Structures are given as structure tokens and as C-alpha cells.
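Listed below, chain by chain, are the residues.
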Amino acid sequence: MGNALDSTLIAALRGRRSTLLRGLGPLAVLIALVAISAAIAPGVVEVDSLVSFLSDAAPIIALVIGGTLPILAGSIDLSVAGVASLTGVLVVVLNPIFGPWTSVVVILIAMAFGATQGLLHSWLQLPSFIVTLGTLSMLSGLALLLSNATAEPIPDNDLFVTYLSDSTADIPNTVIALIIIIAVLGLMLRYLRLGRDIYALGTGERAAIMSAVNVVAVRTIIFAISAGCAAIAGLFLISITAFSSPTLAGNLLLLSIVGVVLGGTAISGGVGGLLPAVVGGLITSWLRIVTVIIGVQPTAQNIVFGLTALVAVALTTDRSKLGIIK
């Protein structure tokens, strides 16, 4: 009896320690990166530099936030970069029809597309990896087709893009919009049943089904939210660059996945959350600064992020849940 209680206590302590490390570890990494950068180049921690950094980091953080939800549920969305790139193209193409409300219409279109992906994945029992990889290719091709593979200036009458390109009290509106998104999704995960169902799916889908979780509905919703966040990330990008390009977010897919796992969200699902995703997005964005400071060539930055992704996945994967890794 005593040995059993001791074993249970030890297991509980180990679980608590693991949770603490998973929660505080990424934050400690972010603080260390900022401290190292400040020691090498003190100018990066000045107020103006930090505000500029947050504005530039907003698209990546939005992609990381959206991509976290499918991963929490044990799936993955590889189409986010394609959605973000196509968003900019659609804002230009659809502006003659919808005028100042074009960006809102584009977000709704993206969410409908994401919901379709989630429905196909869950209802037809198709692997999310294959579904979203295939749609990534289709979205990239569609963006090239609609734009004739050329960059176009953003119309100046779109209300949401105009708002995002401005600032309020010296704070970029992209940062304000990002904070609102984080707050809304955070409340959803914390207080709605949907949040509990997402974690239940990631922890064990069979047990979730036995607990009356509507798998098709949950995955349809989270893929819709993921695509919506990707569309908003695309709007963030065009509000910064003032032009659309069919490949504008082409290099952000790897960064979005790196951000998810660096925040402590397990690629195997069921472990992580929204705030860890924000921390992971900040780490990923700051790593870009670090690579520039230490002299890594832009053409070699993906090597750094690829290695980072491998290490982060190795540290966060729950092998006890997956059993055999294939």
C-alpha cells in the first residue's frame, strides 16, 4: 500500500515538474535570447526597436496561434502560408466588387475554406497532413494564377487594411488587433466546451469519442479558425508591405510550425496552449534578429530554423502516448 502511494506521489511530482518546465522553459529561452541580443547590439531593446519588432512579428504570431489549435487536437494545418499569400491577392482581385469591406469578405472566405478542410479531414478520415499539404499546393497555384505571378499595390479604400497600416498612441494597430485575437481565442479555450474538446481530442481521440465529443464539428471549427488567423496574418503582411504578392508568405510555413513547438505545444497533441504559442511566435521572430546579429546569411536562415524545429519536436513529443513512432 505504502509503495503504491509512493509511486503515485513520485509520478505526480514528475508530471508537475514536466508541466512547469514546459511552461517556463520557452519563456526562459525568450528572455535569454533577448539578453544575448542586447549584450551584442544594445539598440535592439530600445522602445522604438521593440515596437517595430512586435509589428514585424505579428504575422508570424498570428500564424502560430492559428496553427496551434489543430496541433492541440492531434492534427496539423500545413496550408496556413498558402492562405496568407492568397489573402493578399484576393484583397486586390475582389476589391472592385466589395470595395472597403473586401478584407472582411476575404477572412470569411478563408474560414469557409478552412472549415471545408477540417470537414474533409475528419468526415472522410483523411490524414490532415495530406489534406492540408495538397491544399497548400492548390492555394499557391491559385495565387499565382489570379495575380499573373506579379505583385500589385494594395487598394487604399479597404477599411481593415487601412486601419492595420496605422497606429494608435504610437502602438501599431497590427499589435492591437493581435492582442484582441489572443484575448478572444484565450477566453474560448478557457471557458467554452470547445476548448475542453480540443484538448480531449489531442490527448486521446478514442476516449474523446466515448465522451460524446463531436469530432467532425470540433475539427471543422478549429481548421476554420486556423485559416481565419492565416488570413489575418496575410492582412498584417500587406498592411506592412503595401503590396500583395502570390509568394508573400511562402517562407513562413516552417517558421509557423517552429513557433508552435518552441512554445511547448507537443506535436503529438493534447499539451500546450495559446499563451505558449505566443511565446513560441516571439521566440521564432526574435531568432530572425539573432541570426542577423551573429551574421547568418539570409539564404542560410532556414537551416537554423530547420534544426530548431527538429530539436523542439524531439523535446515536446509525447512518445508514451504515440507508442511506436512511424
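Located above this text is the structure these notes cover.
In this text, all values refer to a predicted model and were calculated from it rather than measured experimentally. (Residues numbered from 1 in each chain as written. Predicted model: local features only at pLDDT ≥ 70, side-chain atom pairs only at ≥ 80, totals over all residues. Heavy atoms only, no water.)

Trainee: An account of the overall build of the chain is needed here, citing residue identities and associated values.
Mentor: For the chain, the count of helices and strands is 15 helices and four strands. The burial tally for the chain puts 48% of its 326 residues in the buried class. If you take every contact in the chain between residues at least 6 apart in sequence, the share linking residues at least 24 apart comes to 78%. Carbon and sulfur atoms provide 71% of the accessible area of the chain, an area that totals close to 15,900 Å². (Helix = DSSP H or I, 4+ residues; strand = E, 2+ residues; numbered from the N terminus. Buried < 20%, exposed > 50% of the residue type's maximum accessible area, 1.4 Å probe, protein only. Contact = heavy atoms within 4.5 Å. Areas by Shrake-Rupley, 256 points an atom, 1.4 Å probe, with all protein chains shown as cover.)

Trainee: Lay out empty space enclosed by the protein with the relevant residues and their values.
Mentor: A full pass over the atoms with the stated rule returns one cavity of 30 Å³ or more. The volume enclosed by the largest cavity comes to roughly 50 Å³. Mapped onto the lining of the largest cavity, the elements with two or more residues apiece are helix 2 (47-72) and helix 12 (253-262). (1 Å grid on protein atoms, 1.4 Å probe; cavity = no way out; pocket = protein on both sides within 12 Å on 5 of 7 lines; lining within 4 Å. Points joined across faces, edges and corners; volume = space filled by probe spheres on them.)

Trainee: Hey, could you go over the nonpolar core for me, with residue numbers and the actual values?
Mentor: Counting 82 residues, the largest nonpolar core has I65, L178, L185, I198 and F236 as the members making the most contacts within it. At 14 residues, helix 11 (residues 215-241) tops the list of elements feeding residues into this core. (Core = buried A, V, L, I, M, F, W, Y, C linked by side-chain atoms within 4.5 Å.)

Trainee: Run through the pattern of salt bridges, naming residues and quoting values.
Mentor: Summed over the entire model, instances satisfying the criterion amount to two salt bridges. The salt bridge involving R193 is made with D197; its shortest N-O contact spans 3.3 Å. Pair noted here: R193 and D197 are both in helix 9 (residues 193-203), with a separation of four residues, about one helical turn. Since its relative accessible area comes to 44%, R193 is described here as partly exposed. (Salt bridge = Lys/Arg side-chain N within 4 Å of Asp/Glu carboxyl O.)

Trainee: Can you explain the layout of surface pockets? Please cite residues and give values.
Mentor: In this model, the second largest pocket occupies a volume close to 370 Å³. What lines the second largest pocket is a set of 18 residues, among which S52, F53, D56, A57 and R288 lie closest to the centre. Every element with two or more residues in the lining of the second largest pocket is listed here: helix 2, helix 11 and helix 13 (274-293). The dominant element in the lining of the second largest pocket, judged by the number of residues it contributes, is helix 2, at seven residues. Here the lining of the second largest pocket is composed, by residue class, of eleven nonpolar, five polar and two charged. (Nonpolar A, V, L, I, M, F, W, Y, C, P; charged D, E, K, R; others polar.)

The values are spatial; any link to function lies outside them.
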